[in-house]
Amino acid sequence: MSDKSSSSNASGFNRRAFMAAAAGTAVAAPLTARAAGPAATPSAAQDPQLPVDLTLRVNGQNRQLNLDARTTVLDALRERLGFTGSKKGCDHGQCGACTVLIDGRRVLSCLTLALVAQGHEITTIEGLADGDKLHPMQQAFIDQDAFQCGYCTPGQIVSAVACVKEGHANSDDDIREYMSGNICRCAAYPNIVAAIKQAAPEILKG
Amino acid sequence: MSTAAPAPKANMGQPVPRYDGVAKVTGHAQYAADVPLANPAYAYLVTSSIAKGRIDGFDLTEAKTMRGVIDIFTHENAEKLKEIKFFSNGGYASTTIVPLNSPEIAHEGEIVAVVVAETFEAARDAAHRVKVKYTAETPTTTFDSPGTTSARAKGQNAMFKEDPKVGDFANAFDQAEVKFTATYETPTQHHNPMELFATSCVWNGDQLTIYEPSQFVYGLKNGVAQQLGIDADKVRVINAYVGGAFGSKGSTTPRTAIIASLARRLNRPVKLVASRDQGFTIATYRAETRHDIQIGASRDGRLVALRHEGEEISSRADAYCVGGTKTTTRLYACPNVDSLVSIVRADRNTPGFMRSPPEVPYVFALESAMDELAVELKMDPIELRRVNDTTKEPISGKPYTSRSLMACFDEGAKTFGWDKRAATPKSLADGDWLIGYGCATACYPTQMGAAAARVRLQRDGRARVEIAGHDLGTGAYTVIAQAAAERLGIPYEKVSVSLGDTRLPPAPVAGGSNSTASTCSAVITVCDQIRHRLFQALMPNETLADKAKETVGVGQTPASKAEQSGQPLDREKAFDALGVSAIEEYGEWKPEGAPKDSLQALHSGLVRMVGGPDLGGKIAYAFGAEFVELRVNRFTHEIRVPRLVGAFAAGRIMNPRTARSQLMGGLIWGMSSALFEATELDERYARYVNDNLADYLVPVNADTPSVDVILLSETDEHIDPAGVKGLGELGNVGTAAAVCNAIYNATGQRIRKLPVRLEKIEV
Amino acid sequence: MQPFVFQSANDPSAAMQALAASGGNNVTEAPVQALAGGTTLIDLMKLDVMRPSTVIDINPLSGAWSQINLEGENLRLGAMARMADVAAHPEIQKAYPVVADSLKLAASAQLRNMATLGGNVLQRTRCTYFRDISYGNCNKRNPGSGCAAMEGVNRMHAVLGTSDQCIATYAGDFAQSLIALDGTVEIIGKSGTRSIAFAQLHRQPGNSPQIETTLAPGELISGFMIPGRWPRSVYLKARDRQSYEFALASAAVALDMQNGVVRDARLALGGVATVPWRAREAEGLLKEQKFDDALAERVADAAFAGATPRHHNAFKIALGKRVVARALYQAATMEV
């Protein structure tokens, strides 16, 4: 049986959305730790249109923001933080162009609220290279000509890195299936498979 | 060597990696919506839910009270924009339907209001709160809907010149030993480039800067200037990277001037990123077509009579037309040919160019029919093409500049293993899967337009090329850098290239696969001007050029042979002789046979394209042969395409790597156009229903297990200085027919109406 | 997306308290919505189809609610386990191939990383008329307004469980394996935990297509239980493209066989019905019968006996039958 009452605190609430002043400290903690932190009291109805403070950790750096609660990670990255590598191709989880890693897992930033990503490590395409040295997957995409227009490419590369780390790059069929969440309208698909095969050994070597 | 970079054959450049590779894999390539703006306001469109009728009024109360909303613009308060001419009639506009100019609604999804707010979130929400009161009329949707009007294309659309015909079709068909007649249909399709239709407009005094993905920045600049009633010199369009276009970003769509107007009014940068569904109606699409094909042939397979009648849908406002009979009537030897193209008007947005606009639907029809004829004649379909191969087109007898069609078939067949094909349908199977092989001809006209470029060469061997061309993923940066490096005798890595900015010398619309031929020809011409000056410094007595031609901005034909030859140049010595550290040349190139005013027109954003059926008394086409292995699940009837092979010949291949990728993508596009892509219309409302990427299906990685591209060596000295035919649109021509031909081979069933879907399969 | 108050629930009782605050009797349309993976809720909020005024982030419950337990003969899945993690679980792949495959064949790797099992079974229809608020006539969105799909473009729509109010398809895959295997749902509410058959979770549209489940406001799905082991099970999904697409028709099949005779059989259908669809009468035909192709075809016919086709989706009946027959064959002949 599962434990259904593992978290416990008085109210269980963290009204960070509108506790602007307190939000910074209460929210920056990882989710698992949040339950143990001091709970805020549910307050009277607040104006949900007011922006909220939050901190996003992107590519290893904390970034403080004051934004509309409706903002997705994608729009926060692009419109507020200057990380425009992640792309908007559909805004509805149908194309994969916005793929980022959150705590190492590939997810769609267009369907993730920035508020939900607080306390988690976001990695974007801009965070893959080591200075001027390209990540092996980036180099492989160049070597294998795994893109044309390049618009889906940041999402493809981030997704590809995760695909390898998940252990889903063991065969061509596996790569194709597990990369099918990233649409490439130029249809560079066979080259994307080749790039992943090129980069996988180096990535797995660490 | 990896397959991504095929070894160059004769008349091919090196498969160097993409010039823009690092920018694109690091996320630093800046697409239009990536450009940071100072304090932008965000626009969100409200589009019409009716296809025909008028707006009675708006209720904006709720929307306007939303926090962050700055203003809402409708036909009641927006600036009236000036009308501009339709692209296909020598203008700029994708459509002459001008939203926000009147309460009239001409199609579903027409822009009826624009909300501008402090944030994207507020603008989107307020757009949902805008209430529009309409009086709706019953719209006409498509072929056979009540209310359509149909008329010959000739005379309606300036780009449609003729209904080609020769000989006496009726009599020859009547007398033919074998007669074949069938009707084919292709559906509405949308380009769906991954990049959304974004537009940012920034005013600085009376200067407007537009960041928008475009296949033709000079066209956009001039089109918007006319709509706003301002001097074109006041407008600058910038887009260094384009996230796919496929024809959708070639002409000026209404949104740009609207956003520019709002930005001027609000005195603030305004940014629009239209949603995916809005992209289906605020830009263009490939309209549905219908084809009647009649073929008369002799028993040995020679065509004696061919008639191709095409019908295409367009909007009420504009006579858009692709008119692919210009290709299909000239593809094979046939003494008696007739054709007719008609435009059928409905209450739709205006269609437009989409990757191989004429050839995809028209060649689908012809190449399906050829396969059916082969079945009827019990001939191998490749042999049927061979019997009807020709070195001159049948309509006016012009010779092809070069034509490697059968070489493509032979090479492709070998790689594909065509000899393993069973002529009898339903002969091959593998477990649950019936296997079919199909093939078809691919062809695309060689086109080009005047272009200008500026090149600067330094004594240290670095060079800079400036041309307002566009890299849509085509490899334009790369091949332009290669062309310059080669002509100037410097390494590829030493060349920098700037594209996509109206401050640069103009290049034609990156459409019709003319881009490489046009831009590289211009760049080569300008490089030759530089070579000329350097050679003159070293060999002043060899030939004396006209003094005027040494001056920046003049002359496109260098005077001496040396600069046009492959003769190496002692660059440093020449620079030292001249006593300068850098040479910069501006030059213009105009293809033979192009109208005299081609360059003046180009500066005004108008293109005078030449080529295809008439290039200096010849006909110029690139060719290919495409092969499909297709599987049909005998239980679920699911259709899969495990293997695609294409062999192509397109004159000089500037870069086998980028060429292969583009053709590979083209093959997959073609497969997709047969099996996946169809914009579903709700005929009650004349509305696109599946206007998103979950329902408008395009292939995913798992759909494309194996794609082989063979590049044939071909040299054509009759086309352009670069010797290039263009291949961006070659790859997806004929593929849909090859797919249907493979379906027939697998199942014995002939599908003449696309898309093929599993419910159409009867096993 | 209308503005909302965002709250983070650090324990179940807080979540339930907040959710119950919305009142009413329809959790689907409740003004307070729980947010887990977000793959349905954020999507529909952007489309303005769902308009919660309060969003409760229940992701903090993930730690406790994502456990996967194979205890004795039963499988228990925490409601906040992510689809990808369950699909990749080696023991589930072995003991419940239908479960693993129904998850693996759904959506994309990214969506499966995000989406929770609880959210997945509650995902809403893909009916384009439902998803586009510019269509006024949708009984699910605006009760009593009519149904645009009925006479519209309805290739993807349901042929089973429809009513004259709604023909929207239940689009998920995993639910088919749950309903086939007699899964139960654990639901936590203010007054404690209750457990119901998974088959009782979804409501057919009938006269109130806007009410999609039997959950009460304030209730959350905490987990799923599947009794028994079903190594001889198959999820077969037919679609236009090879991946990243909803089913045109799918079948979840589980068999218990001895010497070629079917001892027990389970059959559920996806992509063809308004709710997760158990074909009980059809599967009954299999029991204690020797399996052969003819039997499979009879079962398939029975499964679609009550189907109601529309203009574009009539093919789903023939397709669905063939998918059922093929899935049965695959299950019957698989190496276990």
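The preceding data block contains the structure.
Anyway, here's the lowdown on the structure attached to this text. (Residues numbered from 1 in each chain as written. Chains lettered and ligands numbered in written order. Predicted model: local features only at pLDDT ≥ 70, side-chain atom pairs only at ≥ 80, totals over all residues. Heavy atoms only, no water.)

1. Considerations on the overall build of chain A
The helix and strand inventory of chain A stands at seven helices and six strands. Shown N-terminal to C-terminal, the secondary structure of chain A runs as helices and strands in the order β-α-α-β-β-α-β-β-β-α-α-α-α. Evaluated residue by residue, chain A yields a buried proportion of 64% over its 206 residues. Sequence-distant contacts, at least 24 apart, represent 57% of the contacts inside chain A between residues at least 6 apart. Of the roughly 6,900 Å² of accessible surface on chain A, a fraction of 51% belongs to carbon and sulfur atoms. (Helix = DSSP H or I, 4+ residues; strand = E, 2+ residues; numbered from the N terminus. Buried < 20%, exposed > 50% of the residue type's maximum accessible area, 1.4 Å probe, protein only. Contact = heavy atoms within 4.5 Å. Areas by Shrake-Rupley, 256 points an atom, 1.4 Å probe, with all protein chains shown as cover.)

2. Points about the overall build of chain C
Scanning chain C from terminus to terminus reveals 13 helices and 12 strands. Here the C-alpha radius of gyration of chain C, 19 Å, is about what a compact globule of 336 residues would show, namely 20 Å. Every one of the 336 residues in chain C was classed for burial, and the buried ones make up 67%. Long-range contacts, defined here as pairs at least 24 residues apart, represent 65% of the contacts in chain C between residues at least 6 apart. Carbon and sulfur atoms provide 48% of the accessible area of chain C, an area that totals close to 10,600 Å². Side chains of chain C give 33 positive and 30 negative charges; the mean places of these two sets differ by 3 Å. (Rg over C-alpha atoms; globule rule 2.2 N^0.38 Å. Lys, Arg positive; Asp, Glu negative; His and termini not counted. Charge placed at Lys NZ, Arg CZ, Asp CG, Glu CD.)

3. A short note on the nonpolar core
Within the largest apolar cluster, 253 residues are counted, with the highest numbers of intra-cluster contacts made by Leu56, Met137 and Phe141 of chain A together with Phe627 and Leu630 of chain B. In this view, Leu630 of chain B contacts Leu434, Ile435, Gly436, Ile639, Arg640, Val641, Pro642, Val739, Ala742, Ile743 and Ala746 of chain B; residues no more than four positions away in its chain are not counted. (Core = buried A, V, L, I, M, F, W, Y, C linked by side-chain atoms within 4.5 Å.)

4. Some remarks on the interface of chain A and chain B
At the interface, 50 residues of chain A touch 64 residues of chain B. Between chain A and chain B lies a buried interface of about 4,600 Å² when both sides are counted; carbon and sulfur atoms form 56% of it. Taken as a group, Arg70, Gln148 and Arg185 of chain A account for 18% of the area that chain A buries against chain B, more than any other trio of residues on that side. One can count six salt bridges joining chain A with chain B. Here chain A and chain B share 32 residue pairs in polar contact (both at pLDDT 80 or more) between them. Contributing elements (two or more residues each) for the side of chain A that touches chain B: helix H3 (73-80), helix H4 (136-143), helix H5 (153-166), helix H6 (172-178) and helix H7 (189-205) of chain A. Top element by residues in the side of chain A that touches chain B is H7 of chain A. It accounts for five residues. (Buried area = accessible area lost by both parts, 1.4 Å probe. Salt bridge = Lys/Arg side-chain N within 4 Å of Asp/Glu carboxyl O. Polar contact = N/O pair within 3.5 Å; in protein donor to acceptor, adjacent residues only side chain to side chain.)

5. Regarding the pairing of strand S6 (residues 184-189) of chain C
Residues and elements named next belong to chain C. For S6, the buried fraction is high: five of the six residues fall into the buried class. Relative to strand S7 (residues 192-197), S6 runs antiparallel, the two sharing six bridges. When the sheet's bridge partners are listed, Glu186 is paired in S7 with Ser195. Hairpin connection between S6 and S7: a loop of two residues separates the two successive antiparallel strands. (Pairing = 2+ DSSP bridges.)

6. Brief notes about the interface of chain C and chain B
Contacts between chain C and chain B engage 36 residues on the former and 35 residues on the latter. Seen at the junction of chain C and chain B, the total is four salt bridges. Salt-bridge contacts for Asp432 of chain B lead to Arg326 of chain C; the nearest nitrogen and oxygen are separated by 2.5 Å. Remark: the boundary between chain C and chain B carries 16 residue pairs in polar contact (both at pLDDT 80 or more). Breaking the side of chain C that touches chain B down by element, the ones donating at least two residues are helix H9 (128-131), strand S9 (233-238) and helix H13 (315-333) of chain C.

7. Here's the deal with the sheet that holds strand S20 (residues 463-466) of chain B
Residues and elements named next belong to chain B. Pairing in this open sheet of four strands is mixed, and the strands run S21-S20-S19-S22 from one edge to the other. In the strand order of this sheet, the two ends are held by strand S21 (495-498) and strand S22 (582-589), each with one partner. Between one strand axis and the next, the sheet turns by 15° as a mean value, whatever way the strands run. Of the strand pairs in this sheet, S20 and S21 are connected by four bridges, and their pairing is parallel. From the neighbouring strand, Val465 faces S21, where its bridge partner is Val497. Most of the contacts of helix H12 (residues 476-488) go to S21, to which it runs at about 135°, and overall it touches strand S19 (451-458), S20 and S21. Docked against the sheet, helix H13 (residues 515-538) engages S19, S20 and S22, running at close to 135° with respect to S22. (Axes fitted to C-alpha atoms, helices over the stretch in contact; angles between N-to-C directions.)

8. Some words on unusual backbone geometry
A cis geometry characterises the amide bond from Leu754 of chain B onward to Pro755 of chain B, with omega recorded as -5°. Within the element layout of this structure, Pro755 of chain B appears in the segment after helix H17 (735-747). Notably, Asp91 of chain A is not glycine yet its phi reads approximately 70°, a positive angle. Among the secondary structure elements, Asp91 of chain A is positioned in the loop between H3 and strand S4 (99-102).

9. With respect to the packing of H4 of chain A against H5 of chain A
Residues and elements named next belong to chain A. Contact pair H4 / H5: the axes reach a minimum separation of 10 Å and the direction vectors enclose 120°. When the interaxial angle is binned, H4 and H5 end up oblique. Between H4 and H5 lies a crossing of right-handed hand. Contacts from Met137, Gln138 and Phe141 in H4 reach Thr153, Gln156, Ile157, Ala160, Val161 and Val164 in H5. Considered class by class, the residues forming the contact of H4 with H5 number six nonpolar, three polar and no charged. (Parallel < 35°, antiparallel > 145°, perpendicular 65-115°, else oblique. Left-handed = near helix turned anticlockwise from the far one by under 90°. Nonpolar A, V, L, I, M, F, W, Y, C, P; charged D, E, K, R; others polar.)

10. Here's the deal with helix H5 (residues 217-228) of chain B
Residues and elements named next belong to chain B. The terminal C-alpha atoms of H5 lie 16 Å apart, and with 12 residues this matches the ideal 16 Å at 1.5 Å per residue to within 8%. Most of H5 sits inside the fold, with 11 of its 12 residues counted as buried. Residues of H5 that are buried include every one of Val217, Tyr218, Gly219, Leu220, Lys221, Asn222, Gly223, Val224, Ala225, Gln227 and Leu228, and no others. Contacts from the buried residues of H5 go to strand S9 (198-204), strand S10 (207-211), strand S11 (235-238), helix H6 (254-266) and helix H15 (598-603). Of the residues flanking the end of H5, it is Gly229, one or two places downstream, whose phi is positive at about 70°. (Expected span 1.5 Å × (residues − 1).)

Interpretation in functional terms is not warranted from these geometric data alone.
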